[in-house]
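Architecture and fold: a report
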Amino acid sequence: MFFESNKDSTFKLLAYFLLIVAVCISIYSFYVAKGFLDKPFPGFISYNNLVVSEVTRGGWTGVGSGIESYDIIKTVQDHPVQSAQELYSLIRELPLGTDVSYKVLRNNELVTLTVPTMEFNLNDFLIIYFQVAFVGIVLIILGFFVYFNNPKLIAGKVFLLMCFFGGFWFVSIFETHSTHTLYNIPFLGLIFWPTLGTHLSFVFPNRKKIIKDKPYLILVPYAVSLILAILMFTKFSNPVLWTRVEKSIWVYIFIGGFIITINTLFSYLYSIKPIDKQRSKIVLIGSFFGFCVPALVAMLMVFFKISNLNSLVGFVLIFPISIAYAIVKHKLFDIQELVQKALVYGLSSGVVASLFILPLFLLNLKVSTENLWKNPVYLLLLSIGVILIINPLQNLIQRFVDTLFFRKKYDYATTITEFSDKLSSLLSISEISNELMYIVNKTLFVEKGYLFVIDKDTGSFELTSSIPRENFNNEQVKFKIFDGSNPLVEFLYKNMKEIFVEDVISENQYAQKRIDLLKTYADFKSSLIVPLFFKSDLLGILLLSNKKSGQMFTTEDINFIRTISNQVAISLENSFSFELIQGYANEVEEKNKQLKNVQAQLIQSEKMSAIGHLASGIAHEIRNPLNIIEGARYYLSSLITNGSENVVAQEYLEYIQNEVVRTNRLIDSLLDFSKFQETNIENINVNNVVENVLILSRKQLTDSNIKIKKNLEENLPTLKGDSNQLWQVVINLLMNSVQAINSIPDMKGDGEIVVETGIYTKPGINYLDHLYLKVMDNGCGIKEKDLSSIFDPFYTNKPDGTGLGLSVSYKIVEAHSGSMLVTSEVGIGTSFMVELPVVNRFSGEVINEQKENLNS
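The shown structure was predicted, so the numbers you read here are calculated from the model rather than taken from an experiment.

A look at the overall build of the protein chain
Scanning the protein chain from terminus to terminus reveals 27 helices and 18 strands. Taking all 856 residues of the protein chain together, the buried fraction comes to 46%. Looking at the protein chain alone, contacts between residues at least 24 apart form 70% of all its contacts between residues at least 6 apart. Accessible surface computed for the protein chain: about 44,500 Å², of which carbon and sulfur atoms make up 59%.

Quick look at helix H18 (residues 487-495)
Of all the positions in H18, only Pro-487, Leu-488, Val-489, Phe-491, Leu-492 and Asn-495 are classed as buried. Packing partners of the buried residues in H18 comprise strand E8 (461-467), strand E9 (499-500), helix H20 (514-523), strand E10 (528-534) and strand E11 (537-544). Following H18 by one or two positions, Met-496 has its phi on the positive side, about 55°.

Things to note about the sheet that holds strand E7 (residues 449-454)
Taken together, five strands build an open sheet; the order of strands is E8-E7-E11-E10-E9 and the sheet is antiparallel. The sheet terminates laterally at E8 and E9, the two strands that pair on one side only. Bridge analysis of E10 against E11 gives seven bridges, and the strand direction is antiparallel. Bridge pairing in E11 places Leu-532 opposite Gly-540. Against the sheet, helix H16 (residues 429-444) makes contact with E7, E8, E10 and E11, and its axis sits at roughly 40° relative to E8, the strand it touches most.

Comments concerning the pairing of E10
Taken across its seven residues, E10 has six buried, putting it largely inside the fold. Two elements, E9 and E10, share two bridges in a ladder whose sense is antiparallel. By the bridge assignment, Ile-499 is partnered in E10 with Ile-529. In textbook terms, the turn of a hairpin is the stretch between consecutive antiparallel strands, and for E10 and E11 this stretch comprises two residues, one of which, Lys-535, has a positive phi near 55°.

What to know about the confidence of the model for the protein chain
Detail in the predicted coordinates should be disregarded across regions flagged by low pLDDT. On average, residues of the protein chain score 80 in pLDDT, and 78% of them reach the 70 mark or higher. This stretch, residues 473-479, has a pLDDT under 50; its non-local contacts, to residues over four places away or in other chains, come to four contacts.

Describing the packing of aromatic side chains
Taken as a whole and assessed by the stated rule, the structure comprises 37 aromatic pairs. Judged by centre distance (6.2 Å) and plane angle (15°), the rings of Phe-144 and Phe-148 are stacked. Here Phe-148 and Phe-144 lie together in helix H4 (residues 122-149), a separation of four residues that amounts to about one turn. For the ring pair Phe-187 and Trp-242, a centre distance of 5.7 Å and an interplane angle of 85° mean the geometry is edge-to-face. Here Phe-187 is found in helix H6 (residues 186-203), whereas its partner Trp-242 is found in helix H9 (residues 239-270), with 55 residues between them in sequence.

Some remarks on unusual backbone geometry
Residues Phe-204 and Pro-205 are joined by a peptide bond in cis, for which omega reads 5°. Its location among the elements puts Pro-205 in the loop between H6 and helix H7 (209-213). Look at the link from Ile-467 to Pro-468: it is a cis peptide, with omega at -10°. Mapped onto the elements, Pro-468 comes out in the loop between E8 and helix H17 (474-479).

Here we look at the environment of Phe-144
Taking the relative accessible area as the measure of exposure, Phe-144 reaches 7% and is therefore buried. The sequence separation of Phe-144 and Leu-18 amounts to 126 residues, and the corresponding C-alpha distance is 9.4 Å. Beyond its immediate chain neighbours, meaning those up to four positions away, Phe-144 contacts Ala-15, Leu-18, Leu-19 and Leu-160.

Section: the pairing of E7
Summarising burial for E7: six of the six residues are buried, a large majority. A two-sided burial pattern is seen for E7, the buried positions comprising Gly-449, Leu-451 and Val-453 on one face and Tyr-450, Phe-452 and Ile-454 on the other. Note: E7 against E8, six bridges, orientation antiparallel. Looking across to E8, one finds that Tyr-450 is bridged to Ser-466. Joining the antiparallel neighbours E7 and E8 is a turn of six residues, in which Gly-459 adopts a positive phi near 80°. Note that E7 and E11 share five bridges and pair antiparallel. Across the sheet, residue Gly-449 finds its bridge partner in E11, namely Leu-544.

Description of a nonpolar patch on the surface
A cluster of nonpolar side chains, namely Ile-285, Phe-288, Phe-289, Val-293, Val-297, Phe-315 and Ile-318, defines an oily patch on the protein surface of about 540 Å² accessible area. In terms of residue count, the dominant contributor to the nonpolar patch is helix H10 (residues 274-303) (five residues). Residue position: Val-297 is located in helix H10.

Notes on the nonpolar core
Soluble, globular proteins show a tendency: their nonpolar side chains are buried together. Within the largest apolar cluster, 70 residues are counted, with the highest numbers of intra-cluster contacts made by Phe-159, Met-162, Phe-170, Leu-200, Trp-250 and Ile-323. Within the second largest apolar cluster, 52 residues are counted, among which are Leu-451, Phe-452, Val-504 and Phe-560.

So, the sheet that holds strand E16 (residues 770-777)
Taken in spatial order, the five strands make up an open sheet running E13-E15-E16-E18-E17, and their pairing is mixed. A single partner strand is all that each edge strand has here, and the edge strands are strand E13 (707-711) and strand E17 (819-825). Neighbour-to-neighbour, the strand axes of the sheet open up by a mean angle of 10°, direction not taken into account. Direction of pairing for E17 relative to strand E18 (residues 829-837): antiparallel, over a ladder of seven bridges. Across the sheet, Val-822 pairs through a bridge with Phe-832, a residue of E18. Helix H23 (residues 686-696) rests against E13, strand E15 (752-759) and E16 of the sheet, and its axis sits at about 165° to E15. Sheet contacts for helix H25 (residues 723-742): E13, E15, E16, E17 and E18; angle to E16, the most-contacted strand, approximately 25°.

Some remarks on the environment of Glu-659
You can see Glu-659 is positioned in helix H22 (residues 647-674). Here Glu-659 falls in the partly exposed class, since its relative accessible area comes to 29%.

Structural notes on the packing of helix H5 (residues 154-172) against helix H12 (residues 318-328)
Relative to each other, H5 and H12 sit at 160°, their axes nearing to 11 Å. As far as their axial angle goes, H12 and H5 are roughly antiparallel. The interaxial crossing formed by H5 with H12 has left-handed handedness. Within the contact between the two elements, H5 uses Ala-155, Phe-159, Met-162 and Cys-163 and H12 uses Phe-319, Pro-320, Ile-323, Ala-324 and Ile-327.

A few points about the packing of H4 against H5
For the pair H4 and H5, interaxial distance at closest approach is 8 Å and the crossing angle is 165°. As the angle between them shows, H4 and H5 are arranged roughly antiparallel. You can see that H4 and H5 cross each other, and the crossing is left-handed.

So, how was this worked out
Residues numbered from 1 in each chain as written. Predicted model: local features only at pLDDT ≥ 70, side-chain atom pairs only at ≥ 80, totals over all residues. Heavy atoms only, no water. Helix = DSSP H or I, 4+ residues; strand = E, 2+ residues; numbered from the N terminus. Buried < 20%, exposed > 50% of the residue type's maximum accessible area, 1.4 Å probe, protein only. Contact = heavy atoms within 4.5 Å. Areas by Shrake-Rupley, 256 points an atom, 1.4 Å probe, with all protein chains shown as cover. Pairing = 2+ DSSP bridges. Axes fitted to C-alpha atoms, helices over the stretch in contact; angles between N-to-C directions. pLDDT = per-residue confidence, 0-100. Phe/Tyr/Trp six-rings, centres within 6.5 Å; stacked < 30°, edge-to-face > 60°. Patch = residues over 30% accessible without salt bridge, like charges linked within 9 Å, V, L, I, M, F, W, Y side chains within 5 Å. Salt bridge = Lys/Arg side-chain N within 4 Å of Asp/Glu carboxyl O. Core = buried A, V, L, I, M, F, W, Y, C linked by side-chain atoms within 4.5 Å. Parallel < 35°, antiparallel > 145°, perpendicular 65-115°, else oblique. Left-handed = near helix turned anticlockwise from the far one by under 90°.

Quick look at the structure:
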């Protein structure tokens with residue numbers, strides 16, 4: 001049809017034309033009605049074909065004199081009249097209060113009645129004209145408001161026409177009873193009002209399947225209206241037939257209201273989308289109470305000649321207002337709260353009134369003869385009783401309404417209290433996130449939900465929990481991350497409140513980014529996005545889908561979500577603060593450890609230096625007496641013969657020789673320690689050094705039944721240094737591990753040594769410039785009290801050890817600008833780590849090519 005076409009500009013021109021017509025008709029009708037004010041009239045009003053109108057007032061003389069609606073005026077004071085205009089002219093010539101004789105045709109019989117004339121006063125003007133015209137104007141305004149709010153909406157176009165025709169009837173209805181200059185044109189509004197309402201019920205809130213399959217069926221009500229309009233115009237000169245047509249119109253109005261209600265009921269029961277279901281719910285209430293019921297009552301009043309139809313005019317607004325609200329207002333949960341409160345207060349008021357009136361009625365029956373019911377004491381006691389029960393009664397009615405109409409399952413106040421108590425003990429972001437999603441799922445029963453929490457380091461929002469729990473791979477997680485450039489984050493900061501998908505669809509502020517925003521909603525199958533703000537900082541984003549029940553979120557749901565979101569935002573801020581403080585504490589602890597290590601290394605260096613100087617000073621002083629002792633021993637041994645009597649002396653001389661040799665070796669070691677050997681600088685691959693040591697140590701490791709495990713970094717950078725000296729370090733560490741394992745008698749082949757190399761990742765150090773070597777064993781371990789002394793020269797717990805192996809190793813590593821660290825636990829094992837910078841005092845300039853290779 002025309003208003004369902006894509007010619008929006010053409011329909012807009014029609015809308016402007018209808019607006020001009022509505023304004024002109026409203027002004028003209030007001031002018032006509034004002035001309036009737038303070039003028040004599042018959043005590044009733046009639047159509048121009050002299051059929052008495054259904055519109056009247058209880059105080060009018062026509063009602064008191066027996067005039068009924070649909071009576072047909074034949075004569076006035078025995079003078080035949082041809083039209084209502086002639087009737088009004090005759091009456092205005094008579095003084096007020098003049099008894100006028102009428103002959104009327106009623107049920108095919110002439111009846112004579114006498115009706116005094118009266119004045120059409122201000123009260124008559126307000127009740128008969130103004131309240132009806134006001135409803136018409138409101139209808140017209142509603143229609144244009146909804147249409148211009150979204151001109152492309154088909155439902156908006158149909159609604160505009162429906163409101164225009166209905167408003168046209170209500171604004172101009174008085175003209176059909178007064179000057180009649182518009183002839184029967186206003187009746188077109190009454191006839192097409194239910195037709196357009198029926199059409200609207202087939203396309204809103206969703207297009208019905210029957211219309212999709214057979215679109216021509218929508219023309220049926222228009223055909224009926226057209227037939228009624230033709231009959232209305234052609235039979236107007238025949239009052240008897242016209243009366244039947246007019247009654248048929250009221251039947252058609254009721255049928256239209258019934259069809260609208262049934263259509264809306266089907267939409268409510270079978271709609272898939274929650275928004276359509278909620279819209280249907282609102283329109284269903286409006287169509288039933290604002291169209292179907294008033295149309296039924298009006299039809300009965302017409303057929304049973306019960307006045308006054310004007311008493312129903314206020315109910316008519318319920319229907320168009322409900323539709324306008326459903327079309328324009330996409331956040332429909334507010335109306336549910338309004339309906340809920342209205343039901344509670346309405347029922348409460350009714351029950352309280354009953355409790356107040358019923359006792360008075362009973363008292364009136366029982367003790368009216370003594371007039372005790374008029375005693376103020378009775379009224380006072382009764383009022384006190386009502387006051388005492390009003391609050392418990394209202395709470396009882398509230399629970400009844402919630403259970404019967406709104407199916408409330410959870411006490412949100414209790415849930416929020418329990419949730420707050422639980423949050424107070426949580427500091428982990430993951431625990432807070434999971435608790436939020438758990439409580440949301442438990443209370444709202446949503447199909448899906450996602451919670452994103454900000455990463456303070458990157459500024460992006462990363463997924464921390466979901467409903468149901470989902471495992472995302474790296475690509476999916478990257479996809480499901482928001483950052484500051486995302487338009488959703490932009491609008492959340494701008495609005496600082498939840499955003500429904502209907503907001504994005506309907507509101508102009510989202511127009512430029514609508515496609516991107518709707519894609520976000522579609523990606524997460526969400527209908528509601530809630531920000532988690534702490535003051536002005538957005539800490540999280542909660543995305544929720546529709547409820548599993550298909551119901552929309554209520555006002556109470558939204559308030560609940562806002563409350564728990566605020567609580568979670570506070571908990572997240574506390575968690576961030578805790579992590580920050582904990583990070584500072586860990587950093588301080590790490591710095592303390594580093595300082596202790598540096599201090600220990602400095603002490604060890606000073607100690608080694610002092611011992612070196614001491615060794616070089618006393619080595620010569622010890623070697624000179626040793627040379628004398630060795631010379632004396634040699635001389636004495638030459639004097640002693642080989643006889644048996646000299647065996648003991650010979651043994652002592654050999655003992656002296658062995659001790660001199662051992663002492664000389666010790667002096668040589670001291671000299672080696674005190675003056676470091678000349679280094680042979682070359683490019684060293686630490687992995688090659690390790691491999692050479694393991695090859696040479698293979699037999700000893702096999703004999704000791706010790707397993708070797710290698711974890712060598714393939715892309716280890718080379719460094720400048722002395723490979724023989726580093727070989728000595730590795731062999732010393734390896735032999736120490738072998739001896740530690742062999743010292744455990746019941747090891748039985750379970751000994752294991754792990755040799756590991758890699759890039760050193762110590763915080764604050766560029767990993768490109770450092771590497772490490774670890775030697776770990778599961779031997780006897782070192783006592784904690786001995787750890788601070790193991791690098792001291794001559795310190796050893798081994799019966800045959802010199803105590804110089806680790807000291808020499810430490811000095812070699814230090815000469816290569818490195819450091820050596822040890823961790824050990826008795827009965828568990830020991831781990832030595834050698835840290836070596838790629839660029840050391842032997843390196844010269846840094847080789848950029850090496851860094852580029854490592855980067856690749």
